[in-house]
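# Structural overview for review
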Amino acid sequence: SKHTAIIITMFEKSPENVLFLGLGAGIMPMFIRMHFAETHIDIVEIDKEIPEIAEKYFCFKRDEDINIKIMDARDFINKCQEKYDAIFIDAYVSDRIPFQLCTDEFYKKIHSLLTDNGIMTANIANLGKQEFIKSELKTIMNTFNNMNVFVVKNKSNYIVFSGRNKSSINITIARQKAEELESKNIL
């Protein structure tokens, strides 16, 4: 989708390090790998069965530059010393986002792990809890003052894009680049 494609248009050069909090089906790490062959990818997934399911059913493929850590995302970021050009947050436990990934402290730590022009993106599913969505967006805005939110057509998901600093993201240019790539069938 165009929302997914926009992330690759935000990089001036190939990102060196990318972090995924939550693997899911592994589609986004494969999307990044397809467009940035040299990027190192760290994935933090709490459920040890998810990587196997992603490989077996969703064409997720590990390589020497994909590192999967089976652990709680909050524990990982609290201990992490790495800097990332992009951090993708897509973590759910059944019908909710774990509370420890919804706090000001969590987003401040995410902010501190980004490189100077680093980008954070979060997928907030609409689980029928509009007050939660509003609260989560407000929590993110407390740390990231340049937040852009895309709402999927059926309002099933809210995709947040934020940069470490104000110049990290120019959403107008990113949209134009994404439309250009889509028109050339590159995405």
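Please refer to the structure higher up on the page.
What you see is a predicted model, and the numbers here were worked out from it, not measured in a lab. Each chain has its residues counted from 1, running along the sequence as written. pLDDT decides what is reported in this predicted model: residues at 70 or higher carry local features, side-chain atom pairs at 80 or more are listed and counted, and totals for whole chains, interfaces and linings draw on all residues regardless. Think of the side-chain values as coming from all heavy atoms in the structure, minus any hydrogens and water.

## Focus on the pairing of strand 4 (residues 84-89)
Remark: a regular strand shows side chains that alternate across the two faces of the sheet. Only protein chains enter the calculation, and the probe is 1.4 Å; a residue is then buried if its accessible area is under 20% of its type maximum, exposed if over 50%, and partly exposed in between. Note on conventions: DSSP H or I runs of at least 4 residues are helices, E runs of at least 2 residues are strands, and numbering of each starts at the N terminus. Counting buried positions over the six residues of strand 4 gives six, a clear majority of the element. Any two strands are treated as partners once DSSP identifies two or more bridges connecting them. As paired elements, strand 1 (residues 17-21) and strand 4 share four bridges and run parallel to each other. The partner of Leu21 across the bridge, within strand 4, is Ile89. Of the strand pairs in this sheet, strand 4 and strand 5 (residues 114-125) are connected by five bridges, and their pairing is parallel. When the bridges of strand 5 are listed, Ile89 appears paired with Ala122.

## Points about a nonpolar patch on the surface
A surface patch of nonpolar side chains, amounting to about 320 Å² of accessible area, comprises Ile53, Tyr57 and Phe58. Tracing the backbone shows Ile53 in helix 3 (residues 50-58). Assessed through its relative accessible area of 36%, Ile53 is described here as partly exposed. Like charges are joined within 9 Å and nonpolar side chains (Val, Leu, Ile, Met, Phe, Trp, Tyr) within 5 Å, but only among residues with over 30% relative accessible area and no salt bridge; these make up the patches. The method behind every accessible area is Shrake-Rupley, applied with a 1.4 Å probe, and residues are considered shielded solely by the protein chains displayed. Only one rule defines a salt bridge in this text: a Lys or Arg side-chain nitrogen within 4 Å of an Asp or Glu carboxyl oxygen.

## Some remarks on helix 6 (residues 130-143)
Along its 14 residues, helix 6 runs 21 Å from first to last C-alpha, staying within 8% of the 20 Å computed at 1.5 Å per residue. Along helix 6, the positions that sit buried rather than exposed are Ile133, Glu136, Leu137, Thr139, Ile140 and Thr143. Projected down its long axis, helix 6 carries its buried residues within an arc of 155°, all on one side. The exposed set on the far side of helix 6, more than 90 degrees from its buried face, consists of Glu131, Lys134, Lys138 and Met141. We call two residues contacting when some pair of their heavy atoms lies within 4.5 Å. Its buried side turned inward, helix 6 meets helix 5 (104-113), strand 5, strand 6 (148-151) and strand 7 (157-163). Given a helix with a known number of residues, its expected span is that number minus one, times 1.5 Å. Note that the arc is defined by the directions from the helix axis to the C-beta atoms.

## As for the pattern of salt bridges
One pass over the structure, following the stated rule, counts two salt bridges. Between Arg62 and Glu55 there is a salt bridge, with the nearest N and O atoms lying 2.8 Å from each other. Classification of Arg62 as partly exposed rests on a relative accessible area of 47%. Judged by its relative accessible area of 33%, Glu55 is partly exposed.

## Here's the deal with the packing of helix 5 against helix 6
Fitted lines through C-alpha atoms give the axes, limited to the stretch in contact for helices. The angle between two N-to-C directions lies from 0 to 180 degrees. Two elements in contact, helix 5 and helix 6, have axes whose closest approach is 9 Å; the angle formed by their N-to-C orientations is 45°. Our classification of the angle between helix 5 and helix 6 gives oblique. Like other packed secondary-structure pairs, helix 5 and helix 6 cross with a definite hand, here right-handed. Between helix 5 and helix 6, the residues in contact are Asp104, Tyr107, Lys108 and His111 and Glu136, Thr139, Ile140, Asn142 and Thr143, respectively. Its residues assigned to classes, the contact of helix 5 with helix 6 comprises two nonpolar, four polar and three charged. Here roughly perpendicular refers to angles of 65 to 115 degrees, roughly parallel to angles under 35, roughly antiparallel to angles over 145, and oblique to all remaining angles. Handedness of each helix crossing follows the sense of rotation of the near helix against the far helix: counterclockwise by less than a right angle gives left-handed, clockwise gives right-handed. The residue classification treats Ala, Val, Leu, Ile, Met, Phe, Trp, Tyr, Cys and Pro as nonpolar and Asp, Glu, Lys and Arg as charged. All others, Gly included, are polar.

## Observations concerning the sheet that holds strand 4
In a beta sheet, neighbouring strands pair by backbone hydrogen bonds and run either parallel or antiparallel. Strand order across the open sheet formed by seven strands is 3-2-1-4-5-7-6, with mixed pairing between neighbours. The two strands at the open ends of the sheet, each matched to only one other strand, are strand 3 (66-70) and strand 6. Here the average twist between neighbouring strands, direction ignored, is 15°. Bridge analysis of strand 2 (residues 40-45) against strand 3 gives five bridges, and the strand direction is parallel. Considered in strand 3, the bridge of Val44 is made with Lys69. In the packing of helix 6 onto the sheet, the strands contacted are strand 5, strand 6 and strand 7, and the crossing angle to strand 5 comes to about 175°.

## Here we look at unusual backbone geometry
Of note, the phi angle at Cys59 is positive, near 65°, even though the residue is not glycine. Looking at where Cys59 falls in the secondary structure, it is placed in the loop between helix 3 and strand 3. Assessed through its relative accessible area of 57%, Cys59 is described here as exposed.

## Let's talk about the pairing of strand 5
The buried count for strand 5 comes to nine of 12 residues, which makes it a mostly enclosed element. As paired strands, strand 5 and strand 7 are joined by seven bridges and run antiparallel to one another. By the bridge assignment for strand 7, Ile124 is matched with Tyr158.

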